[in-house]
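One-letter residues, chain by chain:
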Protein chains: 2
Amino acid sequence: MENKLKIGLIGLGTVGSGVVKTLKNFPQIEIKTAAVRNLNKKRDVEVNQLTNDPFEIVNDPEIDVVVEVAGGIDPAFELLKTAVKNKKHIVTANKELLAKHGAELFDLANEHNVAILYEAAVAGGIPIIMPIKTALKGNKYKKVAGILNGTTNYILTQMEEKGISYQECLKAAQDLGYAEADPTGDVEGYDTMYKIATLANITFNKRIDVSKIYREGITNISADDIKFADELGYKIKLIALAQDNEGQIDVRVHPMLVSKTNVISGINNALNAVMLEGFPVGQVMFTGPGAGEFPTASSVVGDILAIAAEFGKCETILPMTRCNHKEMAVQTNILDTKNSYYISITAPNAIGVIGVIGNACGKNKINISSVLQKGTQQDGTAHIIVITETCSECDIQNAIKELENQSIKINNLIRVM
Amino acid sequence: MENKLKIGLIGLGTVGSGVVKTLKNFPQIEIKTAAVRNLNKKRDVEVNQLTNDPFEIVNDPEIDVVVEVAGGIDPAFELLKTAVKNKKHIVTANKELLAKHGAELFDLANEHNVAILYEAAVAGGIPIIMPIKTALKGNKYKKVAGILNGTTNYILTQMEEKGISYQECLKAAQDLGYAEADPTGDVEGYDTMYKIATLANITFNKRIDVSKIYREGITNISADDIKFADELGYKIKLIALAQDNEGQIDVRVHPMLVSKTNVISGINNALNAVMLEGFPVGQVMFTGPGAGEFPTASSVVGDILAIAAEFGKCETILPMTRCNHKEMAVQTNILDTKNSYYISITAPNAIGVIGVIGNACGKNKINISSVLQKGTQQDGTAHIIVITETCSECDIQNAIKELENQSIKINNLIRVM
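Residues numbered from 1 in each chain as written. Chains lettered and ligands numbered in written order. Predicted model: local features only at pLDDT ≥ 70, side-chain atom pairs only at ≥ 80, totals over all residues. Heavy atoms only, no water.

## Points about the overall build of chain A
Working step 1: Helices and strands together make up the secondary structure of chain A, namely 13 helices and 17 strands.
Working step 2: Along the longest, intermediate and shortest principal axes, the C-alpha atoms of chain A span 80 × 45 × 35 Å.
Working step 3: Across the 417 residues of chain A, 60% fall into the buried class.
Working step 4: Sequence separation of at least 24 residues holds for 72% of the intrachain contacts in chain A that already meet a minimum separation of 6. (Helix = DSSP H or I, 4+ residues; strand = E, 2+ residues; numbered from the N terminus. Buried < 20%, exposed > 50% of the residue type's maximum accessible area, 1.4 Å probe, protein only. Contact = heavy atoms within 4.5 Å.)

## Side note on the relation of the copies chain B and chain A
Working step 1: Note on the identical chains: chain B maps onto chain A by a rotation of 180° and an axial translation of 0.0 Å, with an RMSD of 0.0 Å. Such a turn and shift between the copies fits a two-fold axis.
Working step 2: A shared interface surface links the copies, since 100% of the contact residues of chain B are contact residues in chain A too. (Least-squares fit on C-alpha atoms with pLDDT ≥ 70 in both.)

## Here's the deal with the side chain of Arg252(A)
Residues and elements named next belong to chain A.
Working step 1: By the secondary structure assignment, Arg252 is in strand β10 (residues 248-259).
Working step 2: A distance of 2.8 Å separates the side chain of Arg252 from the side chain of Asp250, its partner in a polar contact.
Working step 3: Within the structure, Arg252 has its side chain in polar contact with the side chain of Asn339 (distance 2.8 Å).
Working step 4: When residues no more than four places from it in sequence are discounted, the contact partners of Arg252 are Ile213, Tyr214, Ile239, Ala240, Leu241, Gln243, Ile334, Thr337, Lys338, Asn339 and Arg415. (Polar contact = N/O pair within 3.5 Å; in protein donor to acceptor, adjacent residues only side chain to side chain.)

## As for the pattern of salt bridges
Working step 1: Tallied over the full model, the rule gives 46 salt bridges over all chains.
Working step 2: Residues Lys142(B) and Glu277(B) are paired through a salt bridge, measuring 3.6 Å at the closest nitrogen-oxygen approach. Residue Lys142(B) is located in strand β7 (residues 140-147), and its partner Glu277(B) is located in strand β11 (residues 271-279); the two are separated by 135 residues in the primary sequence.
Working step 3: Judged by relative accessible area, Lys142(B) falls into the exposed class, the value being 52%.
Working step 4: The closest approach of N and O atoms between Arg415(B) and Glu393(B), which form a salt bridge, is 2.8 Å. Taken as a pair, Arg415(B) in strand β17 (residues 409-416) and Glu393(B) in helix α13 (residues 393-405) lie far apart in primary sequence, 22 residues in all.
Working step 5: On the basis of relative accessible area, Glu393(B) is assigned to the buried category, the value being 1%.
Working step 6: Taken together, the salt bridges that share partners define one network made up of Lys6(A), Lys32(A), Asp60(A) and Glu62(A). (Salt bridge = Lys/Arg side-chain N within 4 Å of Asp/Glu carboxyl O.)

## Thoughts on the nonpolar core
Working step 1: Grouped together as the largest cluster of nonpolar side chains are 163 residues, with contacts concentrated most on Ile128(A), Leu199(A), Leu276(A), Ile128(B), Leu199(B) and Leu276(B).
Working step 2: Residues in contact with Ile128(A), not counting those within four places in the same chain, are Glu119(A), Val122(A), Ala123(A), Leu199(A), Val274(A), Leu276(A) and Phe286(A). (Core = buried A, V, L, I, M, F, W, Y, C linked by side-chain atoms within 4.5 Å.)

Keep in mind these values describe shape, not function.
Here it is, written out as structure tokens:
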């Protein structure tokens, strides 16, 4: 027999509404109260009781589980800390809060013996947190990588399919509601960064300092970059990456050229994908909708039902989901990483420029893997694309500086997956 | 603090060895005894204690969890029933046993309040059972489909890449150890059938009669079929499918033409994939290694660790994983399904044959979507490929009979995804 579980919902926007609609199929769960900013706003869902004071929820002794889908740090952090101290289990979709203050929250949760679940915080509807904590628990990871932001993936896919600029695409995405009026959080890679911080945390069992994650967004990707990458057999994707680097963890977010033979290159539009590589499993990949009312609600409701199943029956609810590591990861500086690079170059004139590029690379121990010269422009300039073999980030930055000192314009430098 | 868990391992072949090697990283788990057929066989793993009587394990009062990776029905069924009656939790990779006798086992497990976990029984290393039971628990499914057998997928991929026949490919796969000496279980679709029975069971929450699952293997797929499918924009895959058909469940296994625009078409060689479609999640897909020592061990060890985490701490261990449905599904007969079809036809002479085909289809309410006539052969026969629009299986079977009555040879009839 299942105990009837009382939940308090903080946030009744897109995701919150999806949660309310989905929970209609689960009479063993009761939404006692939902906290909203504006009590008078018209909504397409009904809840027993509304409040505009979310602290009412986290302090309500009748509420067993606090479901936070409001986002942001303030007041979410205070709210969840209070809820945990009041011995309430937590379900949250708040990737920023987990990335920045997860350590404190998880320690507090252990102290008060409550579960904090956050399936919806990474990759929307794709089950990824729970599989890592359960079915894949026997693995030691080498790498986790993926496409974790639907907005940027939509923009890059549309740029490619329509051959248009980033700015045009962003505008279209905003008109369709796929990008926010202030798109910074998505297009500059912050959202992706928060998510990879959480994934790195649970795959490598170390705490990640989000301020040390190298981050580049997609705003510098040009229609030309996408076209040239395509000619060379690649697509450009905003990739989140965390990999074991001899005991250090190399965590970063930046655009990458992904070979068309890699399935990640085929993850288009608002889809997300997470690839895990470890022992003994080898490589597994999960794909699906990374955002949206219902996919995100699927993950939130899955977490609520997981708590409901054990609530009142176990001294420790869902022990597998608890955070038992406290050690900070040593994070690799981007300058200490090795990568293959795409360099888009404009040179003042075509004659001898390949030699100049070759020299700058050679002097910095960089081997060139392929070169694509896109004819000579009417003004005499040459547009050249270079793909390097694997070399150090330090060396490539030195080579770039040298080329720039010789009046060679570097349009873009993009890492290759 | 975790209790030390004692397990008994039945089977020390490929998967069993992988489990022993993987468990070395988890000192909280002790393998007390392993049951093997031949005590004197040389092995690359060591276990505390070997026995050739697996009943010793299931009757050992010190053993908490029985891990069965031996396969087959006899004696596995008896062994696991005894283990459950002795209140041992079960981890099994035995898809055939679950498909044929799961109902009885799960009822018995509920009666004795033990967990039966079987992540490794479907899609090897891919986490799919636990995600359906946890993170995706809030969903009502419309469809589950996938590639669940690595051997047949390897053969089909190689046939396509090398343009060679099924027989040649099978031989090569056997030489490489990818196919067994008697390949029937794989190539005739039995293995896939057992797996989709389990997936259908847990996604639709109804019990599946495995004897009512329509099943076709890949032995009739010719190099020509693969070539023509390719020309028309498809790949041929052995697809397992379970879908809601107005309250009935349509469960089947057969080859299908899969459009190259569908990601499932890109799942090659020994990889497996499972696609789930439901509300609220939409579509999610999981891909990874469907077999092998270490991927399968990953799933077995995940299940063991899940039990270990709650062992001795909860009156009911892992309540979310229990089977709480007893209703038998009403399964749709293949003749009552609707599909689009690929028909490969050889006609005695080219003249008028398109008309004859068109008539047979028209009379049976079948619309033709595309026709590909592969010239006229030297002997005057014509090879024609027809793709139909969606029509009923009954109608297509009638049309086929009519064509055969007119001396038109049907080389193959393959459904289109």
